[in-house]
Amino acid sequence: MLDVLRRIVQEVAGARNLEQASTIIVKRIKQAMAADVCSVYLCDYTQRQHVLMATDGLNPAAVGRVRLAMGEGVVSVVGENAEPLNLDNAPDHPRYRYVAETGEEFYHGFVGVPIIHHRKVLGVLVVRQRDKRKFAEDEVSFLVTMAAQLAGAIASAEASGGMPVAEQSGLAIVDGGIVDGLGGAPGVAIGTALVMYPPADLDAVPDRTVTDVQAEIVAFKAAVGTVQAEMQNLGDKLVMHLSAEDRALFDAYSLMLSSGSLVDKVVERISAGNWASGALRETVAEHIKVFEDMDDAYLRERAEDIRDLGRRVLMCLQSSGRRKPPPYPERAVLVGDEITAAMLAEAPRERLAGVVSASGSRSSHVAILARALGVPAVVGAGDLPTGRLEGREMIVDGYRGRVYLCPSDPVRAEYQRLAREEAELNAGLAGLRDLPAETPDGVRVPLYANTGLVADASPSLSSGAEGIGLYRTEFPFMVRDRFPGEQEQRRIYREVLETFAPRPVVLRTLDVGGDKPLGYFPIEEENPFLGWRGIRITLDHPDIFMVQLRAMLGASAGLNNLRLLLPMVSHLGEVDDALALVRRAHREVVAEGEAVEMPPVGVMIEVPAAVYQSEAIARRVDFLSIGSNDLTQYLLAVDRNNGRVAELYDALHPAVLQAMVHVVQAGHRVGKPVGVCGEMAGDPLATVALLGMGVDSLSMSVASLPRVKWVVRSVAHAEAQAVLTELLAMESPAAVRRRLEQALEAAGVGSLVRAGK
Ligand code: PEP
Ligand code: MG
């Protein structure tokens, strides 16, 4: 059963659409269970019916036509209870109903399992037997596993716009499709998809049209020749160590490459207009499927060899310079299974219209970077048909977390209107630029910018930011292929410090690990967010830390607007050790004759342990800065990058608010200022709560700054305190959200939250 299951799962994963996936499933299940019928019913909640969407065994003409009213028949019982139902004689069940349209004979054995996605029943998978038959437990669990597979396919079809779908053969996944994800950065963009993908990942290669077919064929054949030679060499090198049988593997590889079928197929596809890498991906996938379908276990294993060969040929194609992305379209929407911070950083800003990533969540660094750049982004759009999007028009709705693929004229017109309105709102907010961030009852709350890219220093300046509240130094480390040296770092930091002087600039020491890996400093861990990251790495590597500290201090010579910030602190000892190194670096730099004052040092409060020791931490340093992104992640035990639990990740959770109040009060008790630099600081809805807590400053992406300033200037501090008292008694994030929305409406700035809906 396990082997059958594995093969079906692979086959389903390769299906192009829901119809194909469900057809494969019903056919294979019927075979595997030696049953008479296997069918899939989908729930149509608007009509309150179950629609037959695929069957092997019943009349195929009934597909899409047979609709069972919810509440009637044993299929409904499965849907209502959201539990498997296993009956040896279905007609005995009080809810049984005979359905003539399906060409149904009299079936006795029945087993139905619900198809559930995110707690919602999407349909029912049913197996029938003419004879009386009670299905075995392992058969039922096999069906439950298959139903989980189907759930993913159905949910993605639902997202692409058509339910119930039975009578629409071949879902239009690309044209007019809609894919839902999470709003990564606010704003709407209309642009052209440019698919980004990691090197040597054959599955991620997109289709791409070529103009010079001949050149493409020549490049492909050259790559095949190189791999053949490579295989030959490998075989020769190992000749002393391998048995003749094992050596035959290399001959088999060579043979596969010269057999013609693979090469000819790729050439055929190139001639039809696809580029070599795309043609290779499709052909290799086709060959893999043929091998995986074979009954012989040995031959099935050959699928892996084909995959490996495909990867090798792709690598040759890429190293011959064919991986270079085509020129960025004028309004490029970067699309990919995983868009990285580096991909974003590389894109020319003037052409970058939007970002869509199949993975990630609101607080992933790619989303943070997109917000910093003011580029609308949708992340966690898991159902994105990435491979087929290159060059297609798409709309990115960063407010709702929705992507429209090849939109219809009315949808495009609606979004053009929204984009115009947004531009008008921004132009209106631009008028606030030179006004102070001060509440109507006279409380000043300086607003700073978060950054990590030198390129966005000027937008930070022109946004009216009063300084940099968080400079994430890991970004310049991430876009290089080695650790930057002291002088190189010094230049980078000097540029920001100079740009903003005399305004303060908070440079955070290196916070790599977690979801911010350095390609040249690999860390393999089971739980990277609970592992070696932030201050833990830098304290373990004084070589890296001291270079960075000296570069930061040196860069501030003569300016003295530097502040240092330590990330991921969870033990007081870390603060003491880091402070000792800062003092040492300062002594060294001064000894070299630089005019550098000892800068104020702060600690990020982003781990629950630090919340409860915040007073002791504050006594040791000059300021605290709450990192609400990680604090939310660690308090709620929700991975900030995991789309599956993204709905649980909410900085407005009452527990997060209470923890923050605790930190602000602890800091103030010992006379130290407390700011917030997580994404929450840039959410206009959260601003009222933060004002109420009495935070001393807010640091956010520049794109958020005008909106937050508008709220600060509209809500009295006393009113914010009263609202916060109510919030702290609330029990759910939803209640907090509703109350904050009311507060914004009452202050006359409700349009800020309405724009995001
Ligand atoms: C945070 O955790 O809130 C924060 C600002 O740091 P980062 O997002 O870089 O982890
Ligand atoms: Mg953090």
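Placed above this text is the structure.
This write-up is about the structure you can find in this document. All values derive from a computational prediction rather than experimental measurement. (Residues numbered from 1 in each chain as written. Chains lettered and ligands numbered in written order. Predicted model: local features only at pLDDT ≥ 70, side-chain atom pairs only at ≥ 80, totals over all residues. Heavy atoms only, no water.)

## A closer look at the site of ligand 1
- In the neighbourhood of ligand 1, 17 residues make up the surrounding shell, with Arg472, Arg508, Gly627, Asn629 and Arg640 lying closest.
- The separation between an oxygen atom of ligand 1 and a polar main-chain atom of Ser628 is 3.1 Å.
- Here an oxygen atom of ligand 1 and a side-chain polar atom of Arg640 are 2.8 Å apart.
- Burial of ligand 1 by the protein chains amounts to 100% of its free accessible area of 290 Å².
- Put simply, the parts of the chain that give the shell around ligand 1 at least two residues each are α11 (365-373), β16 (468-472) and α21 (628-636).
- Of the residues forming the shell around ligand 1, the biggest block, three residues, is contributed by α21.
- Split into classes, the residues belonging to the shell around ligand 1 amount to four nonpolar, five polar and eight charged.
- In this structure, the shell around ligand 1 is formed jointly by two domains, domain 4 (435-444 + 602-757) and domain 5 (467-564 + 572-599), each of which donates at least three residues. (Near = heavy atom within 4 Å. Polar contact = N/O pair within 3.5 Å; in protein donor to acceptor, adjacent residues only side chain to side chain. Areas by Shrake-Rupley, 256 points an atom, 1.4 Å probe, with all protein chains shown as cover. Helix = DSSP H or I, 4+ residues; strand = E, 2+ residues; numbered from the N terminus. Nonpolar A, V, L, I, M, F, W, Y, C, P; charged D, E, K, R; others polar. Domains from an automatic or database assignment.)

## Some remarks on the coordination of the magnesium ion (ligand 2)
- Donor atoms from the polypeptide that bind the magnesium ion (ligand 2) are Glu606 (OE) and Asp630 (OD), placed at 2.0 to 2.2 Å. Here Glu606, found in the loop between β19 (601-605) and α19 (608-612), pairs with Asp630, found in helix α21; they are 24 residues apart in sequence, far enough to count as distant. Grouping residues by exposure puts Glu606 and Asp630 together as buried. (Donors = N, O, S within 2.8 Å, 3.2 Å for Na, K, Ca; no water. Buried < 20%, exposed > 50% of the residue type's maximum accessible area, 1.4 Å probe, protein only.)

## Overview of the environment of Leu373
- If you trace the backbone, Leu373 turns up in helix α11.
- Overall, the relative accessible area of 15% leaves Leu373 in the buried class.
- Sequence separation between Leu373 and Ala345 is 28 residues; the distance between their C-alpha atoms is 9.5 Å.

## Considering the pattern of salt bridges
- Under the criterion given, the structure shown has 35 salt bridges.
- A salt bridge links Asp630 to Arg640, with the shortest nitrogen-to-oxygen separation between them at 2.8 Å. Residue Asp630 is found in helix α21, and its partner Arg640 is found in the loop between α21 and α22 (654-669); the two are separated by 10 residues along the sequence.
- For Arg640, a relative accessible area of 2% translates into the label buried.
- When the shortest N-O distance is used, the salt bridge between Arg739 and Glu726 registers 2.8 Å. With Arg739 in helix α26 (residues 733-746) and Glu726 in helix α25 (residues 717-728), this pair connects stretches of sequence that are 13 residues apart.
- Using a relative accessible area of 37% as the deciding quantity, one classes Glu726 as partly exposed. (Salt bridge = Lys/Arg side-chain N within 4 Å of Asp/Glu carboxyl O.)

## A closer look at the sheet that holds strand β13 (residues 393-397)
- Taken together, the eight strands give an open sheet; going across it, the order is β7-β14-β13-β9-β10-β11-β12-β8, and neighbouring strands pair in mixed fashion. Looking at the sheet topology across the chains shown, the edges are occupied by β7 (178-180) and β8 (182-185). In this sheet, adjacent strand axes meet at a mean angle of 30 degrees when their direction is disregarded.
- Against the sheet, α11 touches β8, β11 (352-357) and β12 (377-379), its axis set at about 50 degrees to β8. (Pairing = 2+ DSSP bridges. Axes fitted to C-alpha atoms, helices over the stretch in contact; angles between N-to-C directions. Contact = heavy atoms within 4.5 Å.)

## Quick word on the packing of aromatic side chains
- Counted according to the given criterion, the structure contains six aromatic pairs.
- Aromatic pair Phe477 and Phe483: ring centres 6.1 Å apart, planes at 75 degrees, arrangement edge-to-face.
- You can call Phe483 partly exposed: its relative accessible area is 28%.
- Feature note: the residues Phe477, Phe483, Tyr520, Phe521 and Trp532 constitute an aromatic cluster, connected by ring pairs. (Phe/Tyr/Trp six-rings, centres within 6.5 Å; stacked < 30°, edge-to-face > 60°.)

## Brief notes about the sheet that holds strand β6 (residues 120-129)
- If you walk across this open sheet you meet the six strands as β3-β2-β1-β6-β5-β4, and the pairing is antiparallel. Strands with a single pairing partner mark the edges of an open sheet, and in this sheet they are β3 (67-69) and β4 (85-87). In this sheet, adjacent strand axes meet at a mean angle of 25 degrees when their direction is disregarded.
- Contacting β1 (37-44), β2 (49-56) and β6, helix α2 (residues 18-32) crosses the sheet at an angle of about 65 degrees to β2.
- Of the strands in this sheet, β1, β2, β3, β4, β5 (109-117) and β6 touch helix α3 (residues 73-81), which is tilted by about 40 degrees from β5.

## Let's talk about the pairing of strand β18 (residues 562-566)
- Counting buried positions along β18 gives four out of five residues, so the element sits mostly inside the fold.
- Here strand β17 (residues 505-508) pairs with β18 via four bridges, running parallel. Across the sheet, Leu507 pairs through a bridge with Leu564, a residue of β18.
- Sheet topology note: the β18/β19 ladder contains three bridges and is parallel. Counterpart to Leu566 in the pairing with β19 is Val603.
- Following the chain from β18 across helix α18 (residues 572-591) to the adjacent parallel β19, one finds a crossover that is right-handed. (Right-handed = clockwise from strand over helix to strand, strands pointing away.)

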